[in-house]
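So the chains spell out like this:
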Amino acid sequence: MDAKELRAKSPAELLDELLKLRKEQFSLRMQRATGQLPKPDQFTKVRRNIARLKTVQRQAALGVVVKAEAAAAVAAAQAPAVVQPAALKAAKKAAKKVAKKKAVKKTATRAKAAKKAATGGKKS
């Protein structure tokens, strides 16, 4: 079960779904105890579905908005119809700057590791 599907349900439907999953979990435990369990991976799936459902219930109780949904809504509201060339150029420049910083950091880390290997791990 997907979290998006769960968020679309009412609190009463979520409670019904939780009861259904708990019953399924109990049934799986009984099958395991009697040696009749055909698929052991079902335990993990049911347990994760219960956790997912409880998370959605808690988010609804707190009024938390999921980041992905909120970001999509904000982007849709603020997105211009056509990307301006100046904005595109600025975005490329920023991406290039970040890539350069990462490369410099990686090079410094490699130099430090090489120095440590050359000195046998002793600090100088």
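Quick note: structure is the one above.
What you see is a predicted model, and the numbers here were worked out from it, not measured in a lab.

J.: Account for a positive patch on the surface, naming residues and giving values.
T.: Together, Arg22, Arg29, Arg32 and Lys54 make up a region of like positive charge exposed at the surface. Among the elements that line the positive patch, the one with the most residues is helix α2 (residues 11–34), at three residues. Note that Arg32 resides in helix α2.

J.: So what's going on with the pattern of salt bridges? Which residues, and what values?
T.: What the rule picks out here adds up to three salt bridges. Lys20 is paired through a salt bridge with Glu17; the nearest N and O atoms lie 3.4 Å apart. Taken together, the residues Lys20 and Glu17, both in helix α2 and three residues apart, mark about one turn of the helix. Classification of Lys20 by relative accessible area gives partly exposed; the value is 46%. When its relative accessible area of 9% is taken as the criterion, Glu17 is described as buried. The closest approach of N and O atoms between Asp41 and Lys45, which form a salt bridge, is 3.3 Å.

Conventions used here
Residues numbered from 1 in each chain as written. Predicted model: local features only at pLDDT ≥ 70, side-chain atom pairs only at ≥ 80, totals over all residues. Heavy atoms only, no water. Patch = residues over 30% accessible without salt bridge, like charges linked within 9 Å, V, L, I, M, F, W, Y side chains within 5 Å. Areas by Shrake-Rupley, 256 points an atom, 1.4 Å probe, with all protein chains shown as cover. Salt bridge = Lys/Arg side-chain N within 4 Å of Asp/Glu carboxyl O. Lys, Arg positive; Asp, Glu negative; His and termini not counted. Charge placed at Lys NZ, Arg CZ, Asp CG, Glu CD. Helix = DSSP H or I, 4+ residues; strand = E, 2+ residues; numbered from the N terminus. Buried < 20%, exposed > 50% of the residue type's maximum accessible area, 1.4 Å probe, protein only.

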